[in-house]
Amino acid sequence: MLKVWGRRDAFNVQKVMWLISELGLAHEHIPAGGKFGGLDTPEFLSMNPHGRVPCILDGKTVVWESHAILRYLAACYGHPTFWSDDARDRAQVDEWMDWLQTTLQPDFLVGVFWGFYRTPELQRDWNAIRESVERCSKHFQLLDRMLMNQPFLSGSALGLADICVGTALYRYFELEIERPEIPNVEQWYERLQERPSYREHVMIPFDDMRERLEY
């Protein structure tokens, strides 16, 4: 049985758990990281020398780093919905996966969610927060344009690009920040909320993280 280490309320773990659920894979979730600890044990470090989650064990195969895990699971169990034999199709998915990691995630997850929500008020760098919020607005406006003529970021149906980028939507729309008018993104978010797997693994309240740098 597939084993998954990580906190259910951790952004990178949520992406993995959402895909596992969409694929209907039998699995065992093992809480690890943050308040659960367990990342510095010899057993865990033998799987992931970086001591980070998520990490999976599929038979004798260990995979760490969320996007590596997503690609592995999609390739092994997600054909053709989440994995294409056409390298051109896979490249389009990779573009959005890399964009999330290099562009949206630094500005939103680090700059806004950590910089604003998780940082105690007296320690917040408001200039940096405002700049991050502004950049996020541009990022989501770009997504809005991409979604103008298609229901999902992956095209006509849910795909791996939606799993990666769509995980950010719940926190983005729940935070008390300024947001631009992005009707196509809002409709996309509504479609994702209709999926039981999204509601179970992504829409997890994060009130306990407010103004807490350690959790």
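Conventions adopted
- Residues numbered from 1 in each chain as written.
- Predicted model: local features only at pLDDT ≥ 70, side-chain atom pairs only at ≥ 80, totals over all residues.
- Heavy atoms only, no water.
- Helix = DSSP H or I, 4+ residues; strand = E, 2+ residues; numbered from the N terminus.
- Rg over C-alpha atoms; globule rule 2.2 N^0.38 Å.
- Buried < 20%, exposed > 50% of the residue type's maximum accessible area, 1.4 Å probe, protein only.
- Contact = heavy atoms within 4.5 Å.
- Areas by Shrake-Rupley, 256 points an atom, 1.4 Å probe, with all protein chains shown as cover.
- Axes fitted to C-alpha atoms, helices over the stretch in contact; angles between N-to-C directions.
- Parallel < 35°, antiparallel > 145°, perpendicular 65-115°, else oblique.
- Nonpolar A, V, L, I, M, F, W, Y, C, P; charged D, E, K, R; others polar.
- Salt bridge = Lys/Arg side-chain N within 4 Å of Asp/Glu carboxyl O.
- Pairing = 2+ DSSP bridges.

Asker: What should I look at first to understand the overall build of the chain in this one?
Answerer: The helix and strand tally for the chain stands at nine helices and four strands. Going from the N terminus to the C terminus, the chain shows its helices and strands as β-α-β-α-β-β-α-α-α-α-α-α-α. Relative to a compact globule of 215 residues, whose C-alpha radius of gyration would be 17 Å, the chain shows 17 Å and is just as compact. Its C-alpha atoms give the chain principal-axis dimensions of about 45 × 45 × 25 Å. In the chain, buried positions account for 49% of the 215 residues. Contacts in the chain between residues far apart in sequence, at least 24 positions, make up 69% of those at least 6 positions apart. Of the roughly 10,900 Å² of accessible surface on the chain, a fraction of 48% belongs to carbon and sulfur atoms.

Asker: Which parts of the structure should I look at to understand the packing of helix α1 (residues 11–23) against helix α4 (residues 87–118)?
Answerer: To characterise two packed helices, one gives the angle between the axes of the helices and the distance between these axes. As a packed pair, α1 and α4 sit with axes 13 Å apart at the nearest point and diverge in direction by 125°. Considering their axes alone, α1 and α4 lie oblique with respect to each other. Contacts from Phe-11, Asn-12 and Lys-15 of α1 reach α4 at Leu-100, Gln-105 and Leu-109. Its residues assigned to classes, the contact of α1 with α4 comprises three nonpolar, two polar and one charged.

Asker: Quick question: what am I supposed to make of the pattern of salt bridges here?
Answerer: Pairs can form between side chains of opposite charge whenever their charged atoms are close. Counted according to the given criterion, the structure contains seven salt bridges. Between Arg-71 and Asp-98 there is a salt bridge, with the nearest N and O atoms lying 3.8 Å from each other. Taken as a pair, Arg-71 in helix α3 (residues 66–77) and Asp-98 in helix α4 lie far apart in primary sequence, 27 residues in all. Residue classification places Asp-98 among the partly exposed residues on the basis of a relative accessible area of 39%. For Asp-107, the salt bridge identified is with Arg-135, shortest N-O distance 2.8 Å. Of this pair, Asp-107 sits in helix α4 while Arg-135 sits in helix α5 (residues 126–146), and the two are 28 residues apart along the sequence. Among the ionic contacts, a cluster of salt bridges with common partners joins Arg-71, Asp-94 and Asp-98.

Asker: Looking at this structure, how should I read unusual backbone geometry?
Answerer: Among all residues save glycine, negative phi is the norm, and among peptide bonds the norm is trans. Omega for the bond connecting Val-53 with Pro-54 falls within 30 degrees of zero, at 5°, which places this linkage in the cis form. Relative to the helices and strands, Pro-54 is located in the loop between α2 (42–47) and β3 (55–58). Notably, Glu-65 is not glycine yet its phi reads approximately 80°, a positive angle. Relative to the assigned elements, Glu-65 resides in the loop between β4 (61–64) and α3. The partly exposed category is assigned to Glu-65, whose relative accessible area is 36%. Here Glu-211, not a glycine, exhibits a phi torsion of approximately 55°, which is positive. With a relative accessible area of 34%, Glu-211 lands in the partly exposed category.

Asker: Looking at this structure, I do not really get the environment of Val-53. What am I missing?
Answerer: Inspection of the secondary structure puts Val-53 in the loop between α2 and β3. Note on Val-53: relative accessible area 22%, which makes it partly exposed. Expressed as a C-alpha distance, the spacing of Val-53 and Gly-33, which sit 20 residues apart in the sequence, is 6.8 Å. When sequence neighbours within four positions are dropped, the list of residues in contact with Val-53 reads Trp-5, Gly-6, Val-13, Ala-32, Leu-39 and Phe-44.

Asker: Would you mind going over the sheet that holds β3 with me for this structure?
Answerer: Strand pairing in a sheet relies on backbone hydrogen bonds, with the paired strands running either antiparallel or parallel. In space, the four strands of this open sheet follow the order β2-β1-β3-β4, with mixed pairing throughout. Only two strands of the sheet have a single partner each, and these edge strands are β2 (27–30) and β4. Sheet twist, expressed as the average angle between the axes of neighbouring strands with direction ignored, equals 15°. Pairing of strand β1 (residues 2–5) with β2, which is carried by four bridges, proceeds in the parallel orientation. Of the residues in β2, the one forming a bridge with Leu-2 is His-27. Strands β1, β3 and β4 of the sheet are contacted by α3, whose axis makes an angle of about 135° with β4.

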